[in-house]
Amino acid sequence: MEVWSRQVRVLLAVSLAAVAAVAFGPGLVTEARFGGAVVPAVVLAITLRQAHKVRLWPYIPGMLARDPWLGVSVSITLIAVAAYVAAIATLPRTAPPLLFDPVTEPADGVWAALAGLVLLNGVAVIVLRALIEAWRGRPVRALAEFAAVHEDRTARRDIDVTLWLVAGRAWSVLAVVAGAALFLDEPGWAFAAPAVPLALGWAHARGGLAPCLRQVLVTDRLLKVALALLVAASLALGVAAAVPALGLPGMVGAWSLRAGIGMLAALVAVSATRSARAWWRGAPGPWRASLIMCESCGPRLPGDAGPPVGLSGEVRRAFTYARGVVLAYADPTGPRALAVGSVSSVGPGGELRLIAADDAWRAAEHDPRVAVFVADPLDRRFWAEVRGIAIGDTEAAVLRITPKHVMVGEYPGRHQGRRRPG
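Rules and cut-offs
Residues numbered from 1 in each chain as written. Predicted model: local features only at pLDDT ≥ 70, side-chain atom pairs only at ≥ 80, totals over all residues. Heavy atoms only, no water. Helix = DSSP H or I, 4+ residues; strand = E, 2+ residues; numbered from the N terminus. Buried < 20%, exposed > 50% of the residue type's maximum accessible area, 1.4 Å probe, protein only. Contact = heavy atoms within 4.5 Å. Areas by Shrake-Rupley, 256 points an atom, 1.4 Å probe, with all protein chains shown as cover. Salt bridge = Lys/Arg side-chain N within 4 Å of Asp/Glu carboxyl O. Polar contact = N/O pair within 3.5 Å; in protein donor to acceptor, adjacent residues only side chain to side chain. Phe/Tyr/Trp six-rings, centres within 6.5 Å; stacked < 30°, edge-to-face > 60°. pLDDT = per-residue confidence, 0-100. Expected span 1.5 Å × (residues − 1). Arc of directions from axis to C-beta. Axes fitted to C-alpha atoms, helices over the stretch in contact; angles between N-to-C directions. Parallel < 35°, antiparallel > 145°, perpendicular 65-115°, else oblique. Left-handed = near helix turned anticlockwise from the far one by under 90°. Nonpolar A, V, L, I, M, F, W, Y, C, P; charged D, E, K, R; others polar.

Caption draft 1: The overall build of the protein chain, seen in detail. Counting secondary structure elements, the protein chain contains 14 helices and seven strands. Residues classed as buried in the protein chain amount to 37% of the 422 residues present. By sequence separation, contacts in the protein chain at least 24 residues apart represent 68% of the contacts at least 6 residues apart. Of the roughly 23800 Å² that the protein chain leaves accessible, carbon and sulfur atoms contribute 66%.

Structure follows, in structure tokens:
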């Protein structure tokens, strides 16, 4: 459903841009309208192709309820289709006015709104999601928790991600201040801008980042640039607010306001660069989801990959040929992980037969819930984790594990995951 949403919205945006170029450039409005009318048929073909892949339709309402952003993506796609059809039907013969230009006819303004909805809905959803996720939770309290164990690599990564979320909050505050000062023509609104560096300093002190901030900034240089731009933009906006009070020339305040807005725009570019680089490398990015312990960076869906019992061909192959299998279990002293040489065999129903040590046998008798982790030796990016119930078979001297949940994914790396059946 996510792929369907992305494909349809990109197709509609590109098609409407091409229709507008043909209609408003050479003036071939009729031809452009006929060409644009073919696109809904392509959208229908994409919809049928993707719908054929969805085998669990009863789960769709629950997915949309639990994942609001998936619901937003699906809803905005349906709205974009309706807006595209309306834009093609009401295609004007002359180019509509640009933003802030006077609208000569109401129909031109309506068409411009429809076109903006089709062309910019993806950007609007991304910006909205970034701002909402940045304002969720208590990042300063989280920084204090992470900083207490900053020697751990995962904690330092979480500090990096949380600082990006704090930067997102600071950017949104400065954007509101700059927008109010610009559109209301009241530089006094920018007096609130210098409070942002003070808030960043308070977060630094309250979060206890003194022992680890330097190391985090060395690892993520773009974060250092983002924080510097925030401080510089707040100072520039503060100067723009102070110019009328100090009696300085108005030109100084205007250029200070423009400089502050330019720095905020540069910060957006820095964040986009950081996000694109993380997406390409399959590494944690400056978004809230990177705070989890692991991310699936390949094309496979993270989570349950198959029925409660049964393994796909890829997982079976990994367990058959792997020579480095890890068994995780819990004994009375706590969680344990045991390296197993290999899986003895994989039953027809997906049952795993392991030759394990006596400690694992005793732990299975105490708590039969175990997990088996394996990396495919033929495809080094692929990994699988099988969680199930372990029962000792004394006659065969093996530990039988009945799969209950199967998780698959790919190790982080360059964005080069390949789709495979199964």
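Caption draft 2: Region of interest: the pattern of salt bridges. Within the structure shown, the criterion is met by five salt bridges. Ionic pairing is found between arginine 274 and aspartate 160, a salt bridge with its closest N-O pair at 3.3 Å. Placement of arginine 274 in helix α12 (residues 250-281) and of aspartate 160 in helix α8 (residues 153-183) is noted, with a sequence separation of 114 residues between them. On the accessibility criterion, aspartate 160 (9% relative accessible area) is buried. Its salt-bridge partner being arginine 274, residue aspartate 220 comes within 3.0 Å of it at the nearest N-O pair. Of this pair, aspartate 220 sits in the loop between α10 (213-219) and α11 (221-246) while arginine 274 sits in helix α12; the two residues are 54 residues apart in sequence, bridging distant segments of the chain. This pair shows no difference in class: aspartate 220 is buried, exactly as arginine 274 is. Taken together, the shared-partner salt bridges in this structure form one network comprising Asp160, Asp220 and Arg274.

Caption draft 3: Structural context of the environment of alanine 181. Along the chain, the position of alanine 181 falls in helix α8. With relative accessibility at 5%, the residue alanine 181 sits in the buried group. For the pair formed by alanine 181 and alanine 240, sequence separation is 59 residues and the distance between their alpha carbons is 9.2 Å.

Caption draft 4: A look at the side chain of asparagine 121. Locating asparagine 121 in the fold gives a position in helix α6 (residues 106-134). Side chain to side chain, asparagine 121 and arginine 9 meet in a polar contact 3.3 Å long. A distance of 2.9 Å separates a polar side-chain atom of asparagine 121 from the backbone oxygen of leucine 117. Not counting the four nearest positions on each side in its chain, asparagine 121 is found in contact with Arg9, Ile76, Ala80 and Gly116.

Caption draft 5: Looking closely at the side chain of serine 172. Relative to the elements of secondary structure, serine 172 occurs in helix α8. Here arginine 169 takes part through its backbone oxygen, which lies 2.6 Å from a polar atom of the side chain of serine 172. Discounting chain neighbours no more than four positions away, the residues touching serine 172 are Leu131 and Trp135.

Caption draft 6: Region of interest: unusual backbone geometry. Here the phi dihedral of aspartate 185 falls at roughly 55°; this positive angle occurs in a residue that is not glycine. Structurally, the position occupied by aspartate 185 is in the loop between α8 and α9 (195-206).

Caption draft 7: Just the packing of aromatic side chains, in detail. In total, this model carries three aromatic pairs according to the counting rule given. The interplanar angle of 80° and the centroid separation of 5.6 Å between the aromatic rings of phenylalanine 24 and tryptophan 111 together place this pair among those described as edge-to-face. Separated by 87 residues along the polypeptide, phenylalanine 24 in helix α1 (residues 2-24) and tryptophan 111 in helix α6 bring together distant segments of the chain. Residue phenylalanine 24 is classed as partly exposed on the basis of its relative accessible area, which comes to 24%.

Caption draft 8: Just the confidence of the model for the protein chain, in detail. Looking at the protein chain, pLDDT values average 82 and 87% of them are 70 or higher. Averaged pLDDT values over the elements of the protein chain bottom out at 71 in strand β3 (residues 343-346) and peak at 93 in α9. This model gives residues 294-308 a pLDDT under 50, and the stretch forms 37 contacts once residues within four places in sequence are excluded. Note that residues 414-422 has pLDDT below 50 and, in this model, 19 contacts with residues that lie over four places away or in other chains.

Caption draft 9: Structural view of α9. Over its twelve residues, α9 extends 16 Å from the first C-alpha to the last, a length consistent with the 16 Å expected when each residue adds 1.5 Å. Among all positions of α9, only Val196, Leu200 and Ala203 are buried. Projection of α9 onto a plane perpendicular to its axis shows the buried side chains occupying an angular sector of 60°, all on one side. Seen from the open side of α9, the exposed residues pointing more than 90 degrees away from its buried face are Leu198, Ala205 and Arg206. Looking at the packing, one finds that the buried side of α9 touches α7 (139-147), α8 and α11. Glycine 208 occupies a position one or two residues after α9 and carries a positive phi of about 65°.

Caption draft 10: Spatial organisation of the packing of α1 against helix α2 (residues 29-37). The interhelical angle for the contact between α1 and α2, taken along N-to-C directions, is 165°, at an axis separation of 8 Å. The pairing of α1 with α2 is recorded here as roughly antiparallel in orientation. Two packed elements cross with a definite hand, and for α1 against α2 that hand is right-handed. Each of Val19, Val22 and Ala23 in α1 lies in contact with α2, whose residues at this interface are Val29, Ala32 and Gly36. Taken together, the residues of the contact of α1 with α2 break down into five nonpolar, one polar and no charged.

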